[in-house]
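Geometric and topological summary
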Protein chains: 2
Amino acid sequence: MKITKLNDSSIANILDQLLKRSPSSYHQFEKSVQEIIDQVREGGDSALFDYTARFDGILLDASSVLVSQEEIEEAYRKVDPALLDVIRKSIANIRAFHEKQRQKSWFDADHPGVILGQRVTALERVGVYVPGGRAAYPSSVLMNVIPARVAGVPDIVMTTPPDMEGKVYAPTLVAAKEAGVSRIYKLGGAQAVAALAFGTETIPKVDKIVGPGNIYVALAKKAVFGYVSIDSIAGPSEVMALVDQSCNPRYVAADLLSQAEHDPMASAILVTDDERVAKEVIRWEDYFTEKLARREIIRKSLEDYGYVLLAENMDQAIACVNAIAPEHLEIVTRDPWESLTRIQNAGAIFLGSYSSEPIGDYLAGPNHVLPTNGTARFFSALSVDDFIKKSSVISYSKEALRGVYQDVARFAEAEGLTGHANSVRVRFEEDEENVELT
Amino acid sequence: MKITKLNDSSIANILDQLLKRSPSSYHQFEKSVQEIIDQVREGGDSALFDYTARFDGILLDASSVLVSQEEIEEAYRKVDPALLDVIRKSIANIRAFHEKQRQKSWFDADHPGVILGQRVTALERVGVYVPGGRAAYPSSVLMNVIPARVAGVPDIVMTTPPDMEGKVYAPTLVAAKEAGVSRIYKLGGAQAVAALAFGTETIPKVDKIVGPGNIYVALAKKAVFGYVSIDSIAGPSEVMALVDQSCNPRYVAADLLSQAEHDPMASAILVTDDERVAKEVIRWEDYFTEKLARREIIRKSLEDYGYVLLAENMDQAIACVNAIAPEHLEIVTRDPWESLTRIQNAGAIFLGSYSSEPIGDYLAGPNHVLPTNGTARFFSALSVDDFIKKSSVISYSKEALRGVYQDVARFAEAEGLTGHANSVRVRFEEDEENVELT
């Protein structure tokens, strides 16, 4: 790692480099993904099971596609009771945090004869995609399922590709069961997304699909958007640490590496006004990298997407954070709460020396599904909001409408929409024929 | 219009027919839209003004692209003062309703040493697309701009294609000014969307693009989604009326036509358990259609996408509403509030005989930008929520982290992420070299 002096052009270069990781750059796979979707939409179970046999090497049918009660019990026997205990603590915290996000329906009756409101209802059925193999993270199951549960979604189904023996990773099954998933299907890839979006004889159509996946899954979600809702398309993980000389460089380095280890495309960025801190963080990064199991991934990530940025002052450092809009931001400054007030764009913000980013991944309670690739400028963490929708409610009495109908008609006529004007006029202005017929 | 008996297969047929109107069915234009986007992204102003000359027949440059103060003043002189008065009443109502949607940042400090929170911040810059020509609806300007203002977005820019003389429709300018738009650019089409998404020398990059447009605009918004946020892709308007024998068929017919007049692809659907009502509504539809200026559009809309559905009972009628998930729903039953409790899916719900749908389009206050094409199952009206984002905030003290760090490490290790485990361990478990270096 080398130190980069921060200026406008270095920020622009970093943004360009980070954006290369966007799923939008994978047009070349879109055609094959669309074909899978069309086939499953058309052919239902038969196409779905064909693709599963071809891509995952597993023969399934309408009954074996569903994870059985026996398999779930077997998973509970396999999982370390200490891990189960942590999963339950984590669920309690995630639930407590998300409960605070619940929104209420509201009405007002501020004007005579007029009631206006906004009604909140939960989605009816949600599909959670969970990757298989080494990317099977039980924590991710919790983070995707619990907000849906808290929102009140009555039916949460999950799909995840099984291993070569047709089994799902035991901690994933246990996490799903503990979090409150209704049914689990042994399906993965674009074909699973298509089945959730359009339904098959066996797989029920859902209203929204959430959860991470490989590039095929990401493109499939993008392709079915509009037929169903989706969460935002997750890019590789990012962490940025905004620190001054008050920080402990050893802690900061360890936290940066914890995100670098996710993926060769993950990005870990330090920004500071203190050159000594910058050097120390690099030294500790080198030190820890050697000791960590995923050192190859970490080295590649740091080489391509890791930065140590030296700002002229903290104002410039903060401007850099806001320009990059990182998924995770650690603030380790003399007064992190003061710094917080100057941050515009970041998915999750960790304050002070002991708010190590991984407590957010696993245990604190806020969601770890966060906007990546600069989208924290406009997107938010996955939340209860993702699993509800709102309907406006409008009720006018005859007298209330009488008071405004001419305004409505005037506005409508100015837009050339005489049918709109007619619809309010008919309630108060009768013509002869109207009188006869009503 | 003929009466259709309601059953599962008639519902399925209607859904299929309505979905044909989805912008997702216009793959053939995607390539040319993508080319426009790529050119503007690459070439900036030069490409943008080239396309504007080619498609709109207007020669613009970096200064004339901006609507001037003189043009705004001229627009005020042109607009009927009575219309301006209605626009101002409408703004007051829209603002009052949307003020109630504002969400607060919150924090909790329920556990020693732990602060968790959710911080709400407004987007920094939003672009509002407003169609030109006959589809220039000032009411739509209000509905797109005011929620952004209420959310606290400091910079709201608007683009709209000018007419052949390079002028923007006066009521559109006045509505924009009254609603609080910062700057208005004379740009339309996919090139305007591209300019907003990526920025040019003249047009600033925005965080989110909202507003309706033709199929090129819709596809361009879809293509830039991820680089910026967008509102949902609007399809043609829909209204559904759920009525029983207590309704006034004349009113209901007038309301159905008010949406049918929008577009040949608009859809107006009656569902009732009363055959006499069904017949009367058809009779009144025929009667009003003859009298309305947009009768050709109405006839085509009713022919292709209009339905009069006769249910066996109100339960079946309500199930039909929930399956179709209409953009607008009028409930004119004996007890509309009771019926409301049984509605799962609808964008905006109008209760009783005097809540004529057009009051929602113009004056009541709730947003008229609503989910179409069955997406009310999972999408909501445009709202203040669209112009904010939320950042999670996590602060752990040393003692608080000490209490959970082993749980975090255990969960991380179960997922094979030793870098995550390391990052919490380093705070409490020192090795010799650590002691030396920190």
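Everything numeric here is computed off the predicted structure, so don't read it as measured data.

A few words now on the overall build of chain A. Within chain A, the secondary structure is distributed over 18 helices and 14 strands. Taken along its principal axes, the extent of the C-alpha atoms in chain A is 90 × 60 × 45 Å. Taking all 438 residues of chain A together, the buried fraction comes to 63%. Counting contacts in chain A only where the partners sit at least 6 residues apart, residues at least 24 apart contribute 75% of the total. Put simply, chain A shows about 16,100 Å² of open surface, and 49% of that area lies on carbon and sulfur atoms.

A separate point is the environment of A:Pro154. Here A:Pro154 is to be found in the loop between α6 (138-151) and β5 (155-159). Apart from residues no more than four positions distant in its own chain, A:Pro154 is found in contact with A:Leu123, A:Glu124 and A:Ser182.

Below, the discussion takes up the confidence of the model for chain A. For chain A, the average pLDDT comes to 94, and 97% of its residues sit at 70 or higher. Across residues 432-438 of chain A, where pLDDT falls below 50, the model places 13 contacts with residues more than four positions away in sequence or in other chains.

A few words now on the UniProt feature "active site" (unreviewed entry) in chain A. Residues and elements named next belong to chain A. This chain's UniProt record puts "active site" (unreviewed entry) on Glu327 and His328. Positionally, Glu327 belongs in the loop between α13 (314-324) and β12 (328-332). Using a relative accessible area of 7% as the deciding quantity, one classes Glu327 as buried. Beyond its immediate chain neighbours, meaning those up to four positions away, Glu327 contacts Pro236, Ser237, Glu238, Ala346, Gly347, Ala348, His368, Leu370, Pro371 and Thr372. In this structure the side chain of Glu327 is engaged in a polar contact, spanning 2.8 Å, whose partner is the backbone nitrogen of Glu238. Within the fold, His328 resides in strand β12.

Helix packing for two helices is described by the angle between their axes and how far apart those axes are. All names here are of chain A. The interhelical angle for the contact between helix α2 (residues 30-43) and helix α3 (residues 45-56), taken along N-to-C directions, is 140°, at an axis separation of 6 Å. Between α2 and α3, the interaxial angle falls into the category oblique. Listed contacts from α3 to Glu35, Ile36, Gln39, Val40 and Gly43 of α2 are Asp45, Ser46, Ala47, Leu48, Tyr51 and Phe55. Of the residues assigned to the contact of α2 with α3, the class counts are 6 nonpolar, 3 polar and 2 charged.

To continue, consider the sheet that holds β12(A). In spatial order, the strands read β1(A)-β11(A)-β10(A)-β9(A)-β12(A)-β13(A)-β14(B)-β3(B)-β2(B); together these 9 strands make up an open sheet with mixed pairing. Each having just a single partner strand, β1 (3-5) of chain A together with β2 (106-111) of chain B make up the two edges of the open sheet. Ignoring which end each strand starts from, the neighbouring axes of this sheet average 20° apart. In the sheet, β1(A) pairs with strand β11 (residues 307-310) of chain A via 3 bridges, with the strands oriented parallel. Bridged to A:Lys5 within β11(A) is A:Leu310.

Right, let's get into the domain arrangement of chain A. Once the domains are mapped, chain A shows domain 1 (3-22 + 235-365), domain 2 (25-230) and domain 3 (398-437). For domain 1 of chain A versus domain 3 of chain A, the separation of C-alpha centres amounts to 61 Å.

What follows deals with the packing of aromatic side chains. Summed over the entire model, instances satisfying the criterion amount to 29 aromatic pairs over all chains. Their ring planes at 90° and their centres at 5.1 Å tell us that B:Trp284 and B:Tyr287 sit as a pair that is edge-to-face. Of this pair, B:Trp284 and B:Tyr287 both sit in helix α11 (residues 275-291), 3 residues apart, which is roughly one turn of the helix. The residues B:Trp284 and B:Tyr287 share a single accessibility class, namely buried. A connected cluster of aromatic rings, assembled from ring pairs, spans A:Phe225, A:Phe378, A:Phe379, B:Phe225, B:Phe378 and B:Phe379. The lysine or arginine in question, A:Arg41, covers the ring of A:Tyr227, its NZ or CZ lying 4.9 Å from the ring centre. A cation over a ring is seen here: A:Lys208 above A:Phe387, with NZ or CZ 5.9 Å from the ring centre.

Bringing the side chain of B:Asp244 into the picture now. Residues and elements named next belong to chain B. Its location among the elements puts Asp244 in the loop between β9 (238-243) and α10 (249-260). Taking the relative accessible area as the measure of exposure, Asp244 reaches 3% and is therefore buried. Here the side chain of Asp244 touches Ser246 through a polar contact of 2.6 Å, side chain to side chain. Those residues within four positions of Asp244 in sequence are excluded, and the remaining contacts are Thr272, Asp273, Val277, Met314, Val332, Thr333 and Arg334.

The subject of this paragraph is the pattern of salt bridges. Working definition: two side chains of opposite charge can pair if their charged atoms are close together. This structure, assessed with the given rule, holds 57 salt bridges over all chains. When the shortest N-O distance is used, the salt bridge between B:Asp385 and A:Lys390 registers 2.5 Å. Highlighted residues: B:Asp385 in the loop between α15 (357-362) and β14 (388-396) and A:Lys390 in strand β14 (residues 388-396), drawn from two different chains. When its relative accessible area of 24% is taken as the criterion, B:Asp385 is described as partly exposed. Residue class for A:Lys390 comes out buried when judged on its relative accessible area of 9%.

We now examine the UniProt feature "binding site: substrate" (unreviewed entry) in chain A. Here, UniProt's "binding site: substrate" (unreviewed entry) annotation points to A:Ser237, A:Gln259, A:His262, A:His328, A:Asp361, A:Glu415 and A:His420. The named residues occupy 184 residues along the chain; their greatest pairwise C-alpha distance, 56.0 Å, places them well apart from one another. Counting through the fold element by element, A:Gln259 comes out in helix α10 (residues 249-260). Residue A:Gln259 is classed as buried on the basis of its relative accessible area, which comes to 0%. Overall, A:Glu415 belongs to the buried group, its relative accessible area being 8%. Those residues within four positions of A:Glu415 in sequence are excluded, and the remaining contacts are B:Tyr137, B:Pro138, B:Ser139 and B:Tyr362.

Tallying the contact residues gives 124 residues for chain A and 124 residues for chain B. Summed over both sides, the interface between chain A and chain B buries roughly 11,700 Å², with carbon and sulfur atoms accounting for 58% of that surface. Counting across the chain A and chain B interface gives 12 salt bridges. Remark: the boundary between chain A and chain B carries 66 residue pairs in polar contact (both at pLDDT 80 or more). The residue inventory of the side of chain A that touches chain B, partitioned by class, reads 59 nonpolar, 36 polar and 29 charged. As paired strands, strand β13 (residues 348-351) of chain A and β14(B) are joined by 4 bridges and run parallel to one another. By the bridge assignment for β14(B), A:Ala348 is matched with B:Ser392.

Turning our attention to the relation of the copies chain A and chain B. It takes a turn of 180° to lay chain A on chain B, together with a shift of 0.0 Å along the axis; the resulting RMSD is 0.0 Å. Such a combination of turn and shift is consistent with a two-fold rotation axis. Take the interface residues of chain A: 100% of them recur as interface residues in chain B, which is what a same-surface contact looks like.

Turning next to the pairing of β13(A). All names here are of chain A. Every second residue of β13 is oriented toward a common face, with Ala348 and Phe350 on one face and Ile349 and Leu351 on the other, all of them buried. Bridge analysis of β12 against β13 gives 4 bridges, and the strand direction is parallel. From the neighbouring strand, His328 faces β13, where its bridge partner is Ala348.

Residues and elements named next belong to chain A. Scanning all chains against the criterion turns up 0 disulfides over all chains. Cys320 supplies the cysteine sulfur nearest to Cys247, a cysteine that is in no disulfide, at a spacing of 16 Å. Given the relative accessible area of 0%, Cys320 is considered buried.

The rules behind each value
- Residues numbered from 1 in each chain as written.
- Chains lettered and ligands numbered in written order.
- Predicted model: local features only at pLDDT ≥ 70, side-chain atom pairs only at ≥ 80, totals over all residues.
- Heavy atoms only, no water.
- Helix = DSSP H or I, 4+ residues; strand = E, 2+ residues; numbered from the N terminus.
- Buried < 20%, exposed > 50% of the residue type's maximum accessible area, 1.4 Å probe, protein only.
- Contact = heavy atoms within 4.5 Å.
- Areas by Shrake-Rupley, 256 points an atom, 1.4 Å probe, with all protein chains shown as cover.
- pLDDT = per-residue confidence, 0-100.
- UniProt positions renumbered as here; feature names shortened; annotations may be inferred.
- Polar contact = N/O pair within 3.5 Å; in protein donor to acceptor, adjacent residues only side chain to side chain.
- Axes fitted to C-alpha atoms, helices over the stretch in contact; angles between N-to-C directions.
- Parallel < 35°, antiparallel > 145°, perpendicular 65-115°, else oblique.
- Nonpolar A, V, L, I, M, F, W, Y, C, P; charged D, E, K, R; others polar.
- Pairing = 2+ DSSP bridges.
- Domains from an automatic or database assignment.
- Phe/Tyr/Trp six-rings, centres within 6.5 Å; stacked < 30°, edge-to-face > 60°.
- Lys NZ or Arg CZ within 6 Å of the ring centre and 35° of its normal.
- Salt bridge = Lys/Arg side-chain N within 4 Å of Asp/Glu carboxyl O.
- Buried area = accessible area lost by both parts, 1.4 Å probe.
- Least-squares fit on C-alpha atoms with pLDDT ≥ 70 in both.
- Disulfide = S-S within 2.5 Å.

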